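Residue strings, one per chain:
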Amino acid sequence: MKKKVLIVEDDMALFNMYSVELKIKGFDVLNVSDGLQAMSKAKDYAPDIILLDIMLPGMNGLNILTELKGDSQTVDIPVIMLTNYGSEDNVKKALENGAADYIMKYKILPSELSDKIEVVLGTSNDSDVRIAV
Amino acid sequence: MNEPSALDAYFNIGIVLLCFFPAALIFIKYKLKTARLVKVLREKEAALESGVSYVKKWQSVPEILTHVSMLTDLQESLDLAAGYFLRTVDISCASYLLKISNGYLYRVAVLGNITRGFADKSRHAASAHYRETIGDTSDEEILTEQAITGGGLDETGLSDFFGTICIPIRNKDQVLGSFCVFGTSDSLKNPETKLFVTRILDSVISATLEFKQVLVKEHKKLDAVLQSMDEGVLLFDPDYRLSLMNRTAQMFLGISDQRSYNVSQVSDIIKGSLPVQEIVTGVMDSKEPKSLQRVFVNGRYLSFMFLPVLINRETVGVGAVIHNDSEEEKLRNLREDFTAMVVHELRAPLTVIRGSADMVLKHKEKFSPQDVELFMNQIKDSAWDLLKIVNDLLDSAKIESGKFEVVKEDCNIAAVLSQEIGNYKMFTDSKNIDLILDIDDSVPIIRADREKVIQVLNNLLSNAVKFTYKGEITHMADRGLIRVGLRVQPKTVQIFVADNGPGIPNEIKKQLFNKFIQARESPISNESGTGLGLVIAKGIVEAHGGKIWVEDNVPKGSVFIFTLPFK
């Protein structure tokens, strides 16, 4: 069965890249561009992994992360945070709040993103494993 | 000669008596009159005496009122009045029963000792008067906290009093208690004494309460000024306790509670950055002010001015005024934030260009022509976004350095507006936003830099769209509405872009056109964009000799308005 990826990203160009790449790699992909819908989509769609942008319109992805990790229905879904805004504070906060990884978008190509997803999914039972970015 | 008969004797006596009677009558009458005169004289004398003492008593009134006018505590004033009556009126004791927060207080002022019986009897008298004044008919004893000043309880002391004058202690209609003076022998029979006591007491009470009111009002004013200051203010009393701290000082020092701190605790809170205890002690002793610049406390650079508070050359405390030196630091931080934000804005399109190009290269065999077109378009659009950012940065740098120029030529501003709205229409339709154009008739041709004016319109419109867009629309009432208009004024055209978005908080409005502030403190900091659009719009409008500002839209949203002179 195909693994499901929920991408919470408001930049359509980035989403197009990630979704086409992940579909080629055999994933099922759903996009939410509005942070407010991330939580309900995470429950309805029940993805195997969530890619979560930090800077969303009118909303901070870190708050969504906290919400996901605070709900029994979504707590076990690994979350990879996406950002282009390099702040160590954010990285620390995300990892403390249970993110499986933290990716600087500009540093990786779509093909590398799918590799990281596979690593996280393969090791998702062990949240201590981090992938060097 | 015949022996005088008894009749003769009687006759003679009669004659004598007849002669003496009027004299006696006159004598008696005189005596009586004299006695009356003496009495009148005595009375006049007594009246004069009491008049003199009366004048003397009243002469001393200003003294007590001067003292009272310095007091805001009613209890203190009543104590003062009691002491005063003991000195000026012939009484054995003055006392008062006062309602306090948790019951009643009974205080007796005497000169010497009194017996328990005296104290109890006086208290009963005061309680009874108080109850009568408030209309309480119960016989229940009013439980009081009792205190005696000027003497003590002693069974050999004064055991009884003669006569009582009790006066209600009132604040307007509210009865606060009763004040009583207790006489010696018949000292209180004189109605003038009652008048004197009543008048003085009324003045004492009203002076105290009025002064308290004035003081409370003044205190509130002073406190409001103190609390609204941008400077932090601290005051240490001579016991080195922090007796005053305004909000700014609390924020600077990171003290959030209203607990009473002493100087060493304040020192601990500020930690190693400032030896507060040492400084305050030094200023208290030396009476010399001390200032410190650029002290890093709680993430801020602060300057401190410690001043001795002197009254009659006596140090009664040490005050500190704290100024935020962090403006430079703030500007530096704003620049850093701005740089970080610009880097972020540049990274976004670069990420898309790099990723999209890589996808086309890697997957060209698997891609349909549509896929290739999608990614090539993404590359093109992102490159265009990059170019816009670079141009914006360049423009804002020129505006900042005053090197920004506009080239004015004849410009059909109404046509420019119509064309721009036409271009935006498709975009707004796709976002469920109604775009309405409202142009006055007969708009003159103005002198303006057409391209630059379009840039201003674009910036305002793209902001309006960004903040009006509400995602999925479920009700018609939720639709976004952007109204663009042009009004012809005597020497200018006024152009406005009104949206029904969330609006802009007042404190942000002023800073909206500021390069660094906008970037940092925008309420929608999660929105993408460099925030330079409005900075550039302002630069362009001002280069034309116009003005730009923002107002609240009615019933909601914002209106950005700018003017362009005809020439």
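Residues numbered from 1 in each chain as written. Chains lettered and ligands numbered in written order. Predicted model: local features only at pLDDT ≥ 70, side-chain atom pairs only at ≥ 80, totals over all residues. Heavy atoms only, no water.

> What should I look at first to understand the overall build of chain B in this one?
A count of helices and strands for chain B gives 15 helices and 17 strands. In chain B, which comprises 567 residues, the proportion classed as buried is 39%. Restricting the contact set of chain B to residue pairs at least 6 apart, pairs at least 24 apart contribute 63%. Carbon together with sulfur atoms contributes 56% to the accessible area of chain B, which is approximately 32400 Å² in total. (Helix = DSSP H or I, 4+ residues; strand = E, 2+ residues; numbered from the N terminus. Buried < 20%, exposed > 50% of the residue type's maximum accessible area, 1.4 Å probe, protein only. Contact = heavy atoms within 4.5 Å. Areas by Shrake-Rupley, 256 points an atom, 1.4 Å probe, with all protein chains shown as cover.)

> Before we go on, may I ask you to explain the interface of chain A and chain B in this structure?
Where interface size is given, it is often the accessible area lost as the parts come together that is meant. Every contact between the two is made by 27 residues of chain A and, on the other side, 24 residues of chain B. Note on chain A versus chain B: buried area summed over both sides is about 2100 Å², and carbon and sulfur give 60% of it. If you look at where chain A meets chain B, you find eight residue pairs in polar contact (both at pLDDT 80 or more). For the side of chain A that touches chain B, the secondary-structure elements that each account for two or more residues are α1 (12–24), β4 (55–56), β5 (59–60) and α5 (110–122) of chain A. In terms of residue count, α1 of chain A provides more of the side of chain A that touches chain B than any other element does, eight residues in total. (Buried area = accessible area lost by both parts, 1.4 Å probe. Polar contact = N/O pair within 3.5 Å; in protein donor to acceptor, adjacent residues only side chain to side chain.)

> How do you make sense of the confidence of the model for chain A when you look at a structure like this?
Close inspection of predicted coordinates is inappropriate for parts of the model with low pLDDT. Within chain A, residue pLDDT values average 85, and 90% of them lie at 70 or more. At the level of individual helices and strands, chain A shows its lowest average pLDDT in β5 of chain A, which scores 80, and its highest in strand β1 (residues 4–8) of chain A, which scores 95. (pLDDT = per-residue confidence, 0-100.)

> Quick question: what am I supposed to make of the UniProt feature "modified residue: 4-aspartylphosphate" (unreviewed entry) in chain A here?
UniProt annotation of "modified residue: 4-aspartylphosphate" (unreviewed entry) refers to D53 of chain A when read in the numbering used here. Residue class for D53 of chain A comes out buried when judged on its relative accessible area of 3%. (UniProt positions renumbered as here; feature names shortened; annotations may be inferred.)

> I keep staring at the packing of helix α12 (residues 450–468) of chain B against helix α15 (residues 532–543) of chain B and nothing clicks. Help me out?
Axes are the key here: two packed helices are described by the angle between their axes and the distance separating the axes. Residues and elements named next belong to chain B. Viewed as axis vectors pointing N to C, α12 and α15 meet at an angle of 145°, and their least axial separation amounts to 9 Å. In the crossing of α12 with α15, the sense of the turn from one axis to the other is left-handed. Counted together, K452, V453, Q455, V456, N459, L460 and N463 of α12 and G533, L534, I536, A537, I540 and V541 of α15 form the full contact between these two elements. The residue inventory of the contact of α12 with α15, partitioned by class, reads eight nonpolar, four polar and one charged. (Axes fitted to C-alpha atoms, helices over the stretch in contact; angles between N-to-C directions. Left-handed = near helix turned anticlockwise from the far one by under 90°. Nonpolar A, V, L, I, M, F, W, Y, C, P; charged D, E, K, R; others polar.)

> Please clarify how the state of the cysteines should be interpreted in this entry.
Linking two cysteines covalently via their sulfur atoms produces the bond known as a disulfide. Across all of its chains, the model carries one disulfide over all chains by this definition. Here C93 of chain B is not cross-linked by a disulfide; its sulfur's nearest cysteine counterpart is in C180 of chain B, at 8.7 Å. (Disulfide = S-S within 2.5 Å.)

> It is not clear to me how the environment of C166 of chain B should be interpreted in this structure. Could you clarify?
Residues and elements named next belong to chain B. On the secondary structure map, C166 appears in strand β4 (residues 164–171). A C-alpha to C-alpha distance of 9.7 Å links C166 and A94, two positions 72 residues apart in sequence. Each residue touching C166, except ones within four places of it in the same chain, is listed here: A125, A126, H129, F179 and C180.

> Sorry, what's going on with the pattern of salt bridges here?
Proximity of charged atoms lets side chains of opposite charge pair with each other. Residues and elements named next belong to chain B. This structure, assessed with the given rule, holds 18 salt bridges over all chains. For K509, the salt bridge goes to D552, with nearest N and O atoms at 2.8 Å. Of this pair, K509 sits in helix α13 (residues 506–509) while D552 is found in strand β16 (residues 548–552), placing the two residues 43 residues apart along the sequence. Classification of D552 by relative accessible area gives partly exposed; the value is 46%. For the salt bridge of K538 with E542, the shortest nitrogen-to-oxygen distance reads 3.5 Å. One end of the pair is K538 and the other is E542, both in helix α15 and four residues apart, which spans about a single turn. Counted as one network, the salt bridges with shared partners bring together D438, D440, R483 and R487. (Salt bridge = Lys/Arg side-chain N within 4 Å of Asp/Glu carboxyl O.)

> Would you explain the side chain of T115 of chain B in this entry?
Residue and element names in this part refer to chain B. Within the fold, T115 resides in the loop between β2 (103–110) and α4 (116–134). Since its relative accessible area comes to 5%, T115 is described here as buried. Each residue touching T115, except ones within four places of it in the same chain, is listed here: L153, D154, E155, G157, L158 and S159.

> Would you explain the side chain of E21 of chain A in this entry?
On the secondary structure map, E21 of chain A appears in helix α1. For E21 of chain A, a relative accessible area of 2% gives the class buried. A polar contact is formed between the side chain of E21 of chain A and the side chain of K25 of chain A, at a distance of 2.8 Å. Ignoring anything within four residues of it in the chain, the contact list for E21 of chain A reads P110, S111 and S114 of chain A together with M359 and H363 of chain B.

> Please explain the packing of aromatic side chains as it appears in this structure.
How two aromatic rings sit relative to each other is given by the distance of their centres and the angle of their planes. Residues and elements named next belong to chain B. Applying the stated criterion to the full structure yields 13 aromatic pairs over all chains. Relative to F179, the ring of F85 lies with its centre 5.7 Å away and its plane at 70°, an arrangement referred to as edge-to-face. Residue F85 is found in helix α3 (residues 74–88), and its partner F179 is found in strand β5 (residues 174–183); the two are separated by 94 residues along the sequence. Both residues of the pair, F85 and F179, count as buried. Among the aromatic residues, ring-to-ring pairing joins Y84, F85, Y96, F179 and F196 into one connected group. Cation over ring: K121 sits above F161, and NZ or CZ is 4.6 Å from the ring centre. (Phe/Tyr/Trp six-rings, centres within 6.5 Å; stacked < 30°, edge-to-face > 60°. Lys NZ or Arg CZ within 6 Å of the ring centre and 35° of its normal.)

> It is not clear to me how the sheet that holds strand β1 (residues 91–100) of chain B should be interpreted in this structure. Could you clarify?
Adjacent strands of a sheet pair through backbone hydrogen bonds, lying either parallel or antiparallel. All names here are of chain B. Taken in spatial order, the five strands line up as β3-β2-β1-β5-β4 in an open sheet, and their pairing is mixed. Edge positions in the sheet fall to β3 (144–149) and β4, since each has one partner strand and no second. With direction set aside, neighbouring strand axes in the sheet form an average angle of 15°. Two strands pair when backbone bridges link them, and β1 and β2 are joined in this way by eight bridges, in the antiparallel orientation. For S95, the partnering residue across the bridge sits in β2 and is V108. The sheet strands contacting α4 are β1, β2, β3, β4 and β5, and the helix crosses β5 at an angle near 140°. (Pairing = 2+ DSSP bridges.)

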